Amino acid sequence: MGSEAVPESWRPALGSVLAGSEARRLGGWLRGEEDAGRTVYPPRGSRLRAFELTPLDSVRVVILGQDPYHGAGQAMGLSFSVPRGERVPPSLANIYKELESDLGLPRPAHGDLTSWAMQGVLLLNASLTVEAGKAGSHAGRGWEAVTDAAVAAVAARSEPSVFVLWGSHAQAKAARIAGLKAASPHLVIRSPHPSPLSAHRGFFGSKPFSRANAFLREHGRGEIDWRVAH
């Protein structure tokens, strides 16, 4: 994948997929898009950042998004997260509203979720790139094989983890979680996407943060500190 290096902990799970023909086609297509002058987010070098910050053996929660933000300066390789200094996008603002309602935590002033990733929250999108200004533009181009493999790798582990599936694109990954074992040790939390278009259809009030922590605590994996670092 060009300048993207697979972090060591993920190589057994992702190395063969990223070296395969589908990923090679994806890499060639991405280079072609950039050579044609199209802007791709996030920039090279940060497209596998979720895997860099959250090693496979540290994953406790997986939060699945659809694709990166398609505005300038927003995408940083972590689903729903934007760099400090960027305006908090509407979906993340709704996540913060639910965080406040669920756990009583004040709404953060910025949108950088790195502190979650460092605690074992894999912030993963179904597609890891997008064309500027065109949501969903890289869906079906090959990233799904990579992210399917990542979800399957977490699901294959015996340590109980939580999968938070917001919206239909994320929920399409559910088969990668439940299909591996007759009795899955994991918790799957499904709800509508936090987008303003769908958050009122069941995202608000779904209490994903307290539910995740209760499950992790029950299974001896410790709680996530969902406060966003200042």
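The rules behind the values
Residues numbered from 1 in each chain as written. Predicted model: local features only at pLDDT ≥ 70, side-chain atom pairs only at ≥ 80, totals over all residues. Heavy atoms only, no water. Core = buried A, V, L, I, M, F, W, Y, C linked by side-chain atoms within 4.5 Å. Buried < 20%, exposed > 50% of the residue type's maximum accessible area, 1.4 Å probe, protein only. Helix = DSSP H or I, 4+ residues; strand = E, 2+ residues; numbered from the N terminus. Contact = heavy atoms within 4.5 Å. UniProt positions renumbered as here; feature names shortened; annotations may be inferred. Polar contact = N/O pair within 3.5 Å; in protein donor to acceptor, adjacent residues only side chain to side chain. Phe/Tyr/Trp six-rings, centres within 6.5 Å; stacked < 30°, edge-to-face > 60°. Arc of directions from axis to C-beta. Expected span 1.5 Å × (residues − 1). Pairing = 2+ DSSP bridges. Axes fitted to C-alpha atoms, helices over the stretch in contact; angles between N-to-C directions. Parallel < 35°, antiparallel > 145°, perpendicular 65-115°, else oblique. Nonpolar A, V, L, I, M, F, W, Y, C, P; charged D, E, K, R; others polar. Salt bridge = Lys/Arg side-chain N within 4 Å of Asp/Glu carboxyl O.

**Observations regarding the nonpolar core**
- Residues W10, L14, F51, V61, I63, W116 and W226 are the most contacted members of the largest nonpolar core, which totals 62 residues.
- Considering every element that reaches this core, the biggest residue donor is helix α6 (residues 143–156), with eight residues.
- Sequence-distant contacts of F51, that is, excluding residues within four places in its chain, are made with P7, W10, L14, L122, L124, L128 and A150.

**Some remarks on the UniProt feature "active site" (unreviewed entry) in the chain**
- In the UniProt entry, the feature "active site" (unreviewed entry) is given for D67.
- Along the chain, D67 turns up in the loop between β2 (61–65) and α4 (90–103).
- Overall, D67 belongs to the buried group, its relative accessible area being 16%.
- Side-chain polar atoms of D67 contact the backbone nitrogen of G136, separated by 2.4 Å.

**Thoughts on the packing of aromatic side chains**
- Tallied over the entire structure, the rule returns seven aromatic pairs.
- On the numbers, 5.3 Å between centres and 85 degrees between planes, the contact of W166 with F203 is edge-to-face. Note that W166 is positioned in strand β5 (residues 162–166) and F203 in the loop between β6 (187–191) and α9 (208–218), a separation of 37 residues in sequence. Accessibility classification places W166 together with F203 in one group, the buried group.
- Put simply, the rings of F80, W166, F203 and F204 touch in pairs and so form one group of aromatic residues.

**What to know about α9**
- Those residues of α9 lying buried are P208, F209, A212, N213, F215 and L216. The buried residues of α9 occupy an angular sector of 160 degrees when projected down its axis, which confines them to one face.
- The elements touched by buried residues of α9 are β2, α4, α5 (114–117), β5 and β6.
- Just past α9, the residue G220 takes up positive phi, approximately 70 degrees.

**With respect to α6**
- For α6, which comprises 14 residues, the first-to-last C-alpha distance of 20 Å matches the rise-based estimate of 20 Å (1.5 Å per residue) to within 8%.
- Here α6 lies mainly inside the structure; eleven of its 14 residues are buried.
- Buried within α6 we find W143, V146, T147, D148, A149, A150, V151, A152, A153, V154 and A155.

**Points about the sheet that holds β6**
- Pairing in this open sheet of four strands is parallel, and the strands run β3-β2-β5-β6 from one edge to the other. If you trace the sheet from one side to the other, it starts and ends with β3 (121–125) and β6, each paired once. The sheet shows a mean angle of 15 degrees between the axes of neighbouring strands, taken without regard to direction.

**Observations regarding the packing of α4 against α9**
- At their nearest, the axes of α4 and α9 sit 8 Å apart, and the two run at 60 degrees to each other. Here α9 runs oblique to α4, going by the angle between their axes. Of α9, the residues touching α4 (which contributes I95, E98, L99, D102 and L103) are P208, F209 and S210.
- Split by residue class, the contact of α4 with α9 holds five nonpolar, one polar and two charged.

**Remarks on the environment of W10**
- If you trace the backbone, W10 turns up in the segment before α1 (11–18).
- The buried category is assigned to W10, whose relative accessible area is 0%.
- The spatial distance from the C-alpha of W10 to the C-alpha of S79 is 18 Å, given a sequence separation of 69 residues.
- In contact with W10, other than residues within four places in its own chain, are G15, F51, T54, P55, L56, V59, L122, A150, A153 and V154.

**Structural notes on the pattern of salt bridges**
- Tallied over the entire structure, the rule returns ten salt bridges.
- Residues R47 and E34 are paired through a salt bridge, measuring 2.8 Å at the closest nitrogen-oxygen approach. Within this pair, whereas R47 is found in the loop between β1 (40–41) and α3 (49–53), its partner E34 is found in helix α2 (residues 21–35), the two being separated by 13 residues in sequence.
- Residue classification places R47 among the buried residues on the basis of a relative accessible area of 6%.

**Quick word on the environment of R49**
- With respect to the secondary-structure elements, R49 resides in helix α3.
- What makes R49 partly exposed here is its relative accessible area of 23%.
- With 28 residues separating them along the chain, R49 and G77 place their C-alpha atoms 5.0 Å apart.
- Apart from the residues lying within four places of it in its own chain, the contact partners of R49 are M76, G77, L78 and T114.

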